[in-house]
Each structure stands twice: as C-alpha cells, then as structure tokens.
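Breakdown of the fold
Spelled out from the first residue to the last, the chains are:
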Amino acid sequence: QKEVEQNSGPLSVPEGAIASLNCTYSDRGSQSFFWYRQYSGKSPELIMSIYSNGDKEDGRFTAQLNKASQYVSLLIRDSQPSDSATYLCAVRRTTDSWGKFQFGAGTQVVVTP
Amino acid sequence: DTEVTQTPKHLVMGMTNKKSLKCEQHMGHRAMYWYKQKAKKPPELMFVYSYEKLSINESVPSRFSPECPNSSLLNLHLHALQPEDSALYLCASSQKTGTYNEQFFGPGTRLTVL
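Let us look at the structure shown here.

What to know about the pattern of salt bridges
Residue and element names in this part refer to chain B.
- With the rule as written, the count across this model stands at 8 salt bridges over all chains.
- Between Asp85 and Lys36 there is a salt bridge, with the nearest N and O atoms lying 4.0 Å from each other. Of this pair, Asp85 sits in the loop between strand 8 (73-79) and strand 9 (87-94) while Lys36 sits in strand 4 (residues 31-37), and the two are 49 residues apart along the sequence.
- Ionic pairing is found between Asp85 and Arg63, a salt bridge with its closest N-O pair at 2.8 Å. Highlighted residues: Asp85 in the loop between strand 8 and strand 9 and Arg63 in the loop between strand 6 (53-57) and strand 7 (64-70), separated in sequence by 22 residues.
- Overall, the relative accessible area of 2% leaves Asp85 in the buried class.
- On the basis of relative accessible area, Arg63 is assigned to the partly exposed category, the value being 23%.
- Among the charged side chains, a salt-bridge network with shared partners connects Lys36, Arg63 and Asp85.

Side note on the interface of chain A and chain B
- Of the residues lining the interface, 22 residues belong to chain A; the matching set on chain B comes to 25 residues.
- Across the chain A/chain B interface, buried area totals approximately 1,800 Å², and carbon plus sulfur atoms make up 58% of it.
- Our count for the chain A to chain B interface comes out at 1 salt bridge.
- One salt bridge connects A:Lys100 with B:Glu58, and the closest N-O pair in it is separated by 2.8 Å.
- At the junction of chain A and chain B, the tally comes to 11 residue pairs in polar contact (both at pLDDT 80 or more).
- Here the side of chain A that touches chain B takes 4 residues from strand 4 (residues 32-38) of chain A, the largest share from any one element.
- In terms of residue class, the side of chain A that touches chain B is built from 10 nonpolar, 9 polar and 3 charged.

Comments concerning the layout of surface pockets
- Empty space within the largest pocket amounts to approximately 530 Å³.
- The wall of the largest pocket is formed by 20 residues, among which A:Ser40, A:Thr86, B:Ala39, B:Lys40 and B:Lys41 lie closest to the centre.
- The computed volume of the second largest pocket comes to approximately 220 Å³.
- Lining of the second largest pocket is provided by 13 residues; of these, A:Phe101, A:Gln102, A:Phe103, B:Pro43 and B:Glu44 occupy positions nearest its centre.
- At the level of secondary structure, the elements contributing two or more residues to the lining of the second largest pocket comprise strand 10 (102-103) of chain A together with strand 5 (44-50) of chain B.
- Grouping the amino acids of the lining of the second largest pocket by side-chain chemistry returns 7 nonpolar, 1 polar and 5 charged.

Conventions we followed
Residues numbered from 1 in each chain as written. Chains lettered and ligands numbered in written order. Predicted model: local features only at pLDDT ≥ 70, side-chain atom pairs only at ≥ 80, totals over all residues. Heavy atoms only, no water. Salt bridge = Lys/Arg side-chain N within 4 Å of Asp/Glu carboxyl O. Helix = DSSP H or I, 4+ residues; strand = E, 2+ residues; numbered from the N terminus. Buried < 20%, exposed > 50% of the residue type's maximum accessible area, 1.4 Å probe, protein only. Contact = heavy atoms within 4.5 Å. Buried area = accessible area lost by both parts, 1.4 Å probe. Polar contact = N/O pair within 3.5 Å; in protein donor to acceptor, adjacent residues only side chain to side chain. Nonpolar A, V, L, I, M, F, W, Y, C, P; charged D, E, K, R; others polar. 1 Å grid on protein atoms, 1.4 Å probe; cavity = no way out; pocket = protein on both sides within 12 Å on 5 of 7 lines; lining within 4 Å. Points joined across faces, edges and corners; volume = space filled by probe spheres on them.

Structure (structure tokens):
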C-alpha cells in the first residue's frame, strides 16, 4: 500500500462543473496536508493547506479533511479550462522531520469547454 | 513577496562538465529544499537546509553537492552527472521546517545531461 494514494485520472470535468479530487493516506497520525497544482512543464504551486478536520475554503477551492477516515479531498467549483493541470496531494507523517512530504502520484484534471 | 527564484531556467551539460544551479528567496524563510522531479512523477526530496545547516541528505549521490551561503541563497553544484540525472530541479522554501510550515516552490531548472 502506498503512503499517499490519488487516482491518476485523467478526471474529465465540464466547464462550470465541480471537480472532486480525493487523496487517502496510510499514517493515521499524519498532521498536515497540502494540495499543489502543477501545470505541464511548470513547478508545483501551493493551493491549500489544511490541518484540522472539516472544510477550508479559499475562493473556488475547498479542502476537506477527515482524519478518522484518513482522506483529504479538494473541490474545485465552477471549473475553468485554466484549472486543467495535475493536482498533487502532499502529507506530512508524524515520523517526518525536517518538513519532508509524502506526495501522491497526482491526479490529472482536464476541464472541457 | 512570496517568490522563490531559480537560475538558469534551462541547462544542458555534458557528463564531464561542472555547473551550478542557484536559488534565492527573500521571504525571510529559514528552511530551503532541493527536489528532483522526473516526468509524470511527484517531486523527490534531495536535501534540506535549516538555518543554513544541512539537515537532510536523502542518500543523494556525491555528484550533487549542495551549498547554502546565507539564509537567502541555495546552490546545487553538479559534477560528472549521468544522462539519468536529466530532470526538473526544484528549489523550495518554508518559514521553518516542521509539520505546519507551507513550502513554496521556485519555477525550477530543466536540466539535460548529454
């Protein structure tokens, strides 16, 4: 079992719809969770961090964390073609010192006009 | 200013060359990182500097040599690389190391080793 799992996609989403991305992790004691967006050939860009159970909203993005079920999700509302990218889930386990992430493999999102 | 800069953007080098990658941040962050990313894979951590001291070396071959001259600058010296070292090299920084610190990535250097 991988430490952090994401569906690789591609996730095809009509423009204006909600894109729902999921991420599960194996270390129950993980404390902090991050979503990065990466356009093809570019570097990862931090979208959201979440540390407590529940929802966290920032513009069209909502991160949801459920530590009991060991998953974190990202919702993208009113999806735009510019949201087409790979979304990386990053998790810090309790045993990770010095800021090390466990990354998922990433989910490719394609927003179709 | 939430920017991490990296130079050069692209680098082509032969296996006998010596070159350096540079990274700079002016956010007052005290932790800086080097990552390597191959196509369609997530970034892999190489080195972590905390307060200008090397804290983590993820068993990286000695042909990669990091240096942190001051709290704003991070270099990666390259020597006798192999073609399989061709990748996107990413620098990142965070306020400190630790659980709740967000990391911000620079634009990366696309390295090709011939």
